[in-house]
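Residues per chain, in single letters:
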Amino acid sequence: MAKQPQAIQAIRGMHDILPEQSPYWQWLEQNARQTLAAYGYQEIRLPIVEKTELFKRSIGEVTDIVEKEMYTFDDRNGDSLTLRPEGTAGCLRACLEHGLLHNQSHRLWYYGPMFRHERPQKGRYRQFYQLGVETYGMPGPDIDAEMILLTDRLWKKLGIRDKVELQLNSLGTSEERAAYRGVLVEYFKRHIDVLDEDSLRRLETNPLRILDSKNPDMQLMLRDAPVLLDHLGEDSLLHFNSLKGMLDDLGIAYSLNTRLVRGLDYYGKTVFEWVTDELGAQGTICAGGRYDGLIEQLGGKANHAIGFAMGMERILALVEQLETVSIEAGVDVYLIRVGEAAEKAGLLLSEQLRDQIDGLKLQVNCGGGSFKSQFKKADKSGAAFAIIIGDDEARRGEAALKSLRVEQAQTTLNHAELLETLKAWHRNKPIA
Ligand code: ATP
Ligand code: MG
């Protein structure tokens, strides 16, 4: 006997979103879209694959992402391409390419999968979804505050506001960071015995990133490390203090996290993260900051930019704990049809109902079956009503209507009556 071939499985760290989960995703996406629209943001849709060079030049050669997390391959022409690990670089590339940054300001968002070859665990995947926001042409700090307001509003809409906390820091200018870097490296060298292998490597390449280390053995040493905020110049301080003032006026609480440096090289001045302590080590649900310098780095004229990205899986993990989200996934009506004439009549009727009742969700039984088995499927569909057509009903131009959720006698109606009944019900149907 021939051996059955082994089933092929998905790639580790890349997950299917099954039908029973997708209503939650749609609910989250819809809330995010509405919130972004409320602040006048526009969607931009970008390729998933870009030239590898774009990410090397923007994210930085000595970051975790570029060093070890990118899905890079040669295409058939021998060009090095990469599945995007984040959206900031591609968005800016597109705006420069299409000349969108000449004397204009923009508020943009994009949504879709990102790819990083990380160790898969809860809240950390190899394909994951981000919703990203990027704005150009505004020096801040007013737009910096708007980023925070917008996300704050979204958390409220999603019912997770009391589970997240805002952390703020300022990374100053590249000159200020360079000066601070010297002081920091000196400090680390005095504590070189405490540094782990990763940190020793970063000491040469990207010492600010050491501040970000989660290694418990290094925490005491890191607590007393020199602080970048103490090395900011007047302009950076003014920017940061104005932002804090606006947040105070708006009643948005924050905590200063002087060790918040972000993983990417391109940030300066304002950086922020929304964090929760309910998701273990993967506690950042949204992170962003200002990256004025990146525009020139990618060949544009000096300009201003600030953005953020949120991790959709992590947000959903927070929401799922709530169990208060009412998600309506099923259909309104399930059409049962038994017999040849009934199948034909049912199909015609279903199309008429869809024509006449905009937004009605109607599922027609396909694949035959007895009344009993079709009723079972109707029940499982979550429908409020079943329309039942046998050959007798078909011949008479009638259909039976039965409520599946409330105790009510089944009624037999002609098509016009059925249409009116369903129309009235659909008009008054509570919106989920
Ligand atoms: P982390 O410190 O958790 O590794 P990061 O600094 O690498 O995050 P960003 O590049 O700022 O993350 O991405 C923004 C957001 O995208 C993160 O705050 C997180 O919510 C989400 N995210 C990042 N990497 C992953 C991943 N591998 N799986 C799921 N979500 C992720
Ligand atoms: Mg990371």
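Everything numeric in this text was worked out from a predicted model, so none of it was measured.

Rules of the game
Residues numbered from 1 in each chain as written. Chains lettered and ligands numbered in written order. Predicted model: local features only at pLDDT ≥ 70, side-chain atom pairs only at ≥ 80, totals over all residues. Heavy atoms only, no water. Pairing = 2+ DSSP bridges. Helix = DSSP H or I, 4+ residues; strand = E, 2+ residues; numbered from the N terminus. Contact = heavy atoms within 4.5 Å. Axes fitted to C-alpha atoms, helices over the stretch in contact; angles between N-to-C directions. Phe/Tyr/Trp six-rings, centres within 6.5 Å; stacked < 30°, edge-to-face > 60°. Buried < 20%, exposed > 50% of the residue type's maximum accessible area, 1.4 Å probe, protein only. Domains from an automatic or database assignment. Patch = residues over 30% accessible without salt bridge, like charges linked within 9 Å, V, L, I, M, F, W, Y side chains within 5 Å. Areas by Shrake-Rupley, 256 points an atom, 1.4 Å probe, with all protein chains shown as cover. Salt bridge = Lys/Arg side-chain N within 4 Å of Asp/Glu carboxyl O.

**So, the sheet that holds strand E11 (residues 305-311)**
Taken in spatial order, the 8 strands make up an open sheet running E1-E5-E6-E11-E10-E9-E7-E8, and their pairing is mixed. Of all the strands in the sheet, the pair left with one neighbour each is strand E1 (42-43) and strand E8 (255-256). With 5 bridges joining them, strand E10 (residues 284-290) and E11 adopt antiparallel strand pairing. Its bridge partner lying in E11, Cys286 is registered against Met310. Taken strand by strand, helix H5 (residues 142-158) contacts strand E5 (106-115), strand E6 (127-136), strand E7 (165-170), strand E9 (270-275), E10 and E11, and its axis lies near 20 degrees from that of E11.

**Some remarks on the packing of aromatic side chains**
The geometry of an aromatic ring pair is captured by the separation of the ring centres together with the interplanar angle, meaning the angle of the planes. Evaluation of the coordinates by the stated rule reveals 7 aromatic pairs. Seen in terms of ring centroids, Trp155 and Trp274 are 6.0 Å apart; in terms of plane orientation they differ by 80 degrees. Their pairing is edge-to-face. Placement of the pair is Trp155 in helix H5 and Trp274 in strand E9, with a sequence separation of 119 residues. According to the relative accessible area criterion, Trp155 is buried, its value standing at 0%. Grouped by ring-pair contacts, the aromatic residues Trp25, Tyr111 and Tyr129 constitute a single cluster.

**Digging into the domain arrangement of the protein chain**
Taken domain by domain, the protein chain holds domain 1 (22-172 + 232-322) and domain 2 (333-423). Of note, the centres of domain 1 and domain 2, computed from C-alpha atoms alone, are 48 Å apart.

**Some words on the environment of Phe272**
Structurally, the position occupied by Phe272 is in strand E9. Discounting chain neighbours no more than four positions away, the residues touching Phe272 are Met147, Ile148, Leu166, Gln167, Leu168, Leu260, Arg262, Cys286, Ala287, Gly288, Gly289 and Phe308.

**Notes on a nonpolar patch on the surface**
Taken together, the side chains of Ile48, Val49 and Phe73 present a nonpolar region at the surface, about 210 Å² in accessible area. Among the structural elements, Val49 can be located in strand E2 (residues 49-51). Taking the relative accessible area as the measure of exposure, Val49 reaches 33% and is therefore partly exposed.

**Description of the sheet that holds strand E13 (residues 362-364)**
In space, the 5 strands of this open sheet follow the order E13-E12-E14-E15-E16, with mixed pairing throughout. Edge strands, defined here as strands with exactly one partner in the open sheet, are E13 and strand E16 (411-414). When the angles between neighbouring strand axes are averaged without regard to direction, this sheet yields 25 degrees. Pairing geometry for strand E14 (residues 385-389) and strand E15 (residues 398-403), over 4 bridges, is antiparallel. Within the sheet, the bridge partner assigned to Ala386 lies in E15 and is Lys402. Where helix H12 (residues 340-356) meets the sheet, it contacts strand E12 (333-337), E13, E14 and E15, and its direction lies at approximately 160 degrees from that of E12.

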